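Each chain, letter by letter, is given below.
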Amino acid sequence: NVDKLRDDEHYYGDFGKQFLSNSDITALLTNPRDFKKSTPDNAVFAKGRYFHQLILEPKKAEAWAFVDMATRNNKAYKEHCAENEVSFAMLEKEGEEIRSLVDVMLGNMELFDNIRHDKCEYEVPAIKEIAGEIWKGKADIVHPDMVIDLKTTGDINSFKWNAKKYNYDSQAFIYQEMFGKPLVFYVIDKSTGMLGVFEPTNDFIQSGESKVIRAVKQYRAFFGDNPTEDIDTYFIHEYI
């Protein structure tokens, strides 16, 4: 049931792991041994989650607890994590930084009108067969004319050139297939507050489709119903 994927616990848990997703692309194409391996939480992930929740799920954002300390490299921070039984906590100054970025993005009227369009839906899950395998996805914003994906970046001037490196091309292809609308990236630079709107070209989408096809080939070879390769014997073979 696709609605089950609305809950993050199911999306990232055992139910969601039965499907492929864009987050699997990197492992399948670069190191299949890392396929479906969980990554420990860190400041980059946490900031991204908080940014998204402030815009898309403000009720969830209210539940965040921040630590009013200058750094994580001290005894007090470690004691806080131990007392609260968490492996990681956001600093108050990081929370302020993210809240200011949200204010900048929502302060732009063109972006605001699309993000807060009265027919928009937020955090919309989808399941679709693509290249012969079942994929899952969760759109940040489904607008009547497009799917909007929110991104933060350390250098917006390099976003265009780095997008393929981060597999945003495969994400654009997958989401276009799932929702039947083009995916558009709304981006803010974490350092400068500069905003950008990035629309995928046909070449970008085709690049993403090629990655999906190659990822499916790897998935079937090592993890499919009838794998033909042993993951323990995997190695890279390239011509240079």
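Structure: see above.
Described in the following lines is the structure provided in the data block. In this text, all values refer to a predicted model and were calculated from it rather than measured experimentally.

## What about the nonpolar core?
Alright, step 1. Counting 30 residues, the largest nonpolar core has Leu20, Trp135, Ile174, Tyr175, Phe179, Phe185 and Val212 as the members making the most contacts within it.
Alright, step 2. Mapped by element, the contributors of at least two residues to this core are α3 (25-30), β3 (121-130), β4 (133-143), α9 (156-162), α10 (168-179), β6 (183-189) and α11 (202-222).
Alright, step 3. The greatest single-element share of this core, amounting to 7 residues, is contributed by α10.
Alright, step 4. When residues no more than four places from it in sequence are discounted, the contact partners of phenylalanine 185 are Asp149, Lys151, Phe159, Tyr168, Gln171, Gly196, Val197, Phe198, Pro200 and Phe204.
Alright, step 5. Within the second largest apolar cluster, 27 residues are counted, among which are Ile55, Val67, Phe88 and Ile141.

## A short note on the pattern of salt bridges
Alright, step 1. The tally for this structure, following the rule as stated, stands at 13 salt bridges.
Alright, step 2. Two residues, aspartate 8 and lysine 138, come together in a salt bridge whose shortest N-O distance is 3.0 Å. With aspartate 8 in helix α1 (residues 8-12) and lysine 138 in strand β4, this residue pair connects regions lying 130 residues apart in the sequence.
Alright, step 3. On the basis of relative accessible area, aspartate 8 is assigned to the partly exposed category, the value being 29%.
Alright, step 4. By relative accessible area, which is 9% here, lysine 138 ends up buried.
Alright, step 5. Residues arginine 72 and glutamate 94 are paired through a salt bridge, measuring 2.5 Å at the closest nitrogen-oxygen approach. Here the residue arginine 72 occupies a position in the loop between β1 (66-67) and α6 (75-84), and glutamate 94 occupies one in helix α7 (residues 92-107), the gap between them amounting to 22 residues.

## Looking at the sheet that holds β3
Hydrogen bonding along the main chain pairs the strands of a sheet, whether they run parallel or antiparallel.
Alright, step 1. An order of β3-β4-β5-β6-β7 is seen for the 5 strands of this open sheet, with the pairing classed as mixed. Each end of this open sheet is capped by a strand with a single partner; those strands are β3 and β7 (195-198). Across the sheet, the mean angle from the axis of one strand to that of its neighbour is 40°, orientation sign disregarded.
Alright, step 2. As paired strands, β4 and strand β5 (residues 146-153) are joined by 3 bridges and run antiparallel to one another. What sits directly across from isoleucine 141, in β5, is isoleucine 148.
Alright, step 3. Helix-sheet contacts for α7 involve β5, β6 and β7, and the interaxial angle to β6 is about 125°.

## A closer look at the pairing of β6
Alright, step 1. Counted residue by residue, β6 has 7 buried out of 7 residues, so it is predominantly covered.
Alright, step 2. Pairing geometry for β5 and β6, over 7 bridges, is parallel. Across the sheet, threonine 153 pairs through a bridge with aspartate 189, a residue of β6.
Alright, step 3. In this structure, β6 lies alongside β7, joined through 4 bridges in antiparallel fashion. The residue of β7 that forms the bridge with tyrosine 186 is valine 197.
Alright, step 4. Between β6 and β7, which pair antiparallel and follow one another directly, the connecting turn spans 5 residues, one of which, glycine 193, has a positive phi of 80°.

About the cut-offs
Residues numbered from 1 in each chain as written. Predicted model: local features only at pLDDT ≥ 70, side-chain atom pairs only at ≥ 80, totals over all residues. Heavy atoms only, no water. Core = buried A, V, L, I, M, F, W, Y, C linked by side-chain atoms within 4.5 Å. Buried < 20%, exposed > 50% of the residue type's maximum accessible area, 1.4 Å probe, protein only. Helix = DSSP H or I, 4+ residues; strand = E, 2+ residues; numbered from the N terminus. Contact = heavy atoms within 4.5 Å. Salt bridge = Lys/Arg side-chain N within 4 Å of Asp/Glu carboxyl O. Pairing = 2+ DSSP bridges. Axes fitted to C-alpha atoms, helices over the stretch in contact; angles between N-to-C directions.

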